[in-house]
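Below are the chains, spelled out letter by letter.
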Amino acid sequence: MRIQNIRSAAARASCRRHRRRRLLSTDSNPRPIFVAATKQHVGKTTTSLAIMSGLQKRFDKVGFIKPVGQQHVTVHSPSVGHDVRVDKDICLLKEQFRLDHIDYTDMSPVIIPSGYTKKYLDGEISFETQQQAIEDSFRKVQDASDIVLIEGTGHCAVGSIVNVNNAKVASMLGASMLLIANGGLGKAFDELELNRVLCEKHNVPIAGVVINKVFPEKYEQTKHYMSKALMDNYGIPLLGCVPDRPFLGCPALADLERLFRTELICGHKHRLRHYRVEDINLVTTSLTRFLENIRTKLPRTLYICHVTRDDIILGFMAEYQRNRREGERPFEAALLVCGRKDKYQIAEEVLDMFHGLNDAPIMVAPYNTHTAMAMIHDYTPKLNIDDKNRVRKAVEHYEPYIDFDRLLESASK
């Protein structure tokens, strides 16, 4: 309820600002906005999604570019007529917001795959080549857009070893920096300071800061004191303070497929079903107790068992059949079967029984149960274009908390 009240107030303020004016293209493009984080897993891409959504409400054509990327995918480029490699976040932003006025070839000019750094240090790749690629791509995106949103890779120093860190690229493109940090005060401010110094070194103006994943009960306190600390020390505005929403960090079964490099054996249509980490249950009890749990616990629970527990695997399948027959409540449980691939295998007779279990998600991971549990707890799910529901909810949650008028005003200074 507290988050809803905070969100409602923020949404009303955002709507009032939006009604006051709509920014259209002018003779000179506004200064581009460069989004960088203070470290990994602070919500940089989620914030970029929210900012893109807000900018599209204020400008006719919003450009997007990620000058330096690491994890890449292959997509087809209509302009060149063949496949190209782009950073994975490019696909998400381009498809989600239908950025048809710009091409994939201009949105991800520099990709750093494995071995790239050695080639750079050996002189096979030059700084000038990278700089030319970034500037040419940016110019094309800027010429086709009213404003450009730039997403960095990690914190401001990422890319330093190949001389294209975020702060340096922001300076190269004449952008204003928007720094993203996780909730808190002292630790968040310390992390912001490290990145602020690098921006200062490269003469990059900082438009402001967005603090993410703030505990709802500490929202007002964090917003007040972080705003005061930033303004008193540097004259930098706090442009957003976003309360935490745990759902956005809940892994879907598709995330676990990527994590364990495996696929669901059955229940494929539920790949995008999410499970809270606190609702993961390692089964070490008897079959009787397991059946009691699956019938009384929250229906959306992820159970983990060892591959040698044939009784639990068969019990899970039997409970699914019973539930479907009696229709007591939706069957939303999933089962992760663990065991080292070189040592344990699911019996062929058991595998044959999985056929026809269309609504019972079962996955096999080639790790012991302890390792699998630790991997899930340490994993931070990333937004992707396949999980449209989570992307939509992320934008809806973040956007109202960002002061777009102040962002655009500060970025133009």
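The structure we're discussing is the one just above.
So, here is what we can say about the structure in this document. (Residues numbered from 1 in each chain as written. Predicted model: local features only at pLDDT ≥ 70, side-chain atom pairs only at ≥ 80, totals over all residues. Heavy atoms only, no water.)

### A word on the packing of helix α2 (residues 44-56) against helix α15 (residues 404-411)
Okay, so step 1: Between α2 and α15, the shortest axis-to-axis distance is 11 Å and the interhelical angle comes to 90 degrees. As judged from the angle between their axes, α2 and α15 are roughly perpendicular. The residues of α15 that touch α2, namely those facing A50, I51, G54 and L55, are F404, L407 and L408.
Okay, so step 2: By residue class, the composition of the contact of α2 with α15 is 6 nonpolar, 1 polar and no charged. (Axes fitted to C-alpha atoms, helices over the stretch in contact; angles between N-to-C directions. Helix = DSSP H or I, 4+ residues; strand = E, 2+ residues; numbered from the N terminus. Parallel < 35°, antiparallel > 145°, perpendicular 65-115°, else oblique. Contact = heavy atoms within 4.5 Å. Nonpolar A, V, L, I, M, F, W, Y, C, P; charged D, E, K, R; others polar.)

### Examining the nonpolar core
Generally speaking, soluble globular proteins have nonpolar side chains that are buried together.
Okay, so step 1: I51, L55, M177 and L178 are the most contacted members of the largest nonpolar core, which has 88 residues in total.
Okay, so step 2: Residues in contact with M177, not counting those within four places in the same chain, are F34, A36, C156, N166, A167, A170, C199, V204, P205, I206, A207 and G208.
Okay, so step 3: Membership of the second largest hydrophobic core comes to 23 residues, among which are I294, I312, I313 and L335. (Core = buried A, V, L, I, M, F, W, Y, C linked by side-chain atoms within 4.5 Å. Buried < 20%, exposed > 50% of the residue type's maximum accessible area, 1.4 Å probe, protein only.)

### As for the pairing of strand β15 (residues 362-365)
Okay, so step 1: Strand direction decides the pairing type here: strand β11 (residues 264-266) and β15, joined by 2 bridges, are antiparallel. Pairing of C266 across the sheet is with I362, part of β15.
Okay, so step 2: Across 4 bridges, the pairing between strand β14 (residues 334-338) and β15 is parallel. By the bridge assignment, V337 is partnered in β15 with V364. (Pairing = 2+ DSSP bridges.)

### Some points on unusual backbone geometry
Okay, so step 1: In this structure, R98 takes a positive phi of about 50 degrees despite not being glycine.
Okay, so step 2: Here R98 is to be found in the loop between α3 (88-96) and β6 (110-111).
Okay, so step 3: A relative accessible area of 69% places R98 in the exposed class.

### Let's talk about the packing of aromatic side chains
Okay, so step 1: Tallied over the full model, the rule gives 6 aromatic pairs.
Okay, so step 2: Ring geometry for F260 and Y367: centres 5.9 Å apart, planes at 45 degrees, overall tilted. One end of the pair, F260, is in helix α9 (residues 253-260); the other, Y367, is in the loop between β15 and α13 (369-378), and 107 residues separate them in sequence.
Okay, so step 3: By relative accessible area, which is 1% here, F260 ends up buried.
Okay, so step 4: Plain terms: the ring middles of F290 and Y303 are 5.2 Å apart, the flat faces sit at 85 degrees to each other, and that makes the pair edge-to-face. Separated by 13 residues along the polypeptide, F290 in helix α10 (residues 287-296) and Y303 in strand β13 (residues 302-306) bring together distant segments of the chain.
Okay, so step 5: You can call F290 buried: its relative accessible area is 1%. (Phe/Tyr/Trp six-rings, centres within 6.5 Å; stacked < 30°, edge-to-face > 60°.)

### Describing helix α7 (residues 186-201)
Okay, so step 1: The end-to-end C-alpha distance of α7 is 23 Å, a good match for the 22 Å that 16 residues give at a rise of 1.5 Å each.
Okay, so step 2: Buried residues of α7: A188, F189, E191, L192, N195, R196, L198 and C199, and no others.
Okay, so step 3: Contacts made by the buried residues of α7 are with β1 (33-37), β7 (147-155), α6 (166-172), β8 (176-182), β9 (206-214) and α8 (219-234).
Okay, so step 4: In the segment just after α7, N203 is the residue with positive phi, at about 60 degrees. (Expected span 1.5 Å × (residues − 1).)

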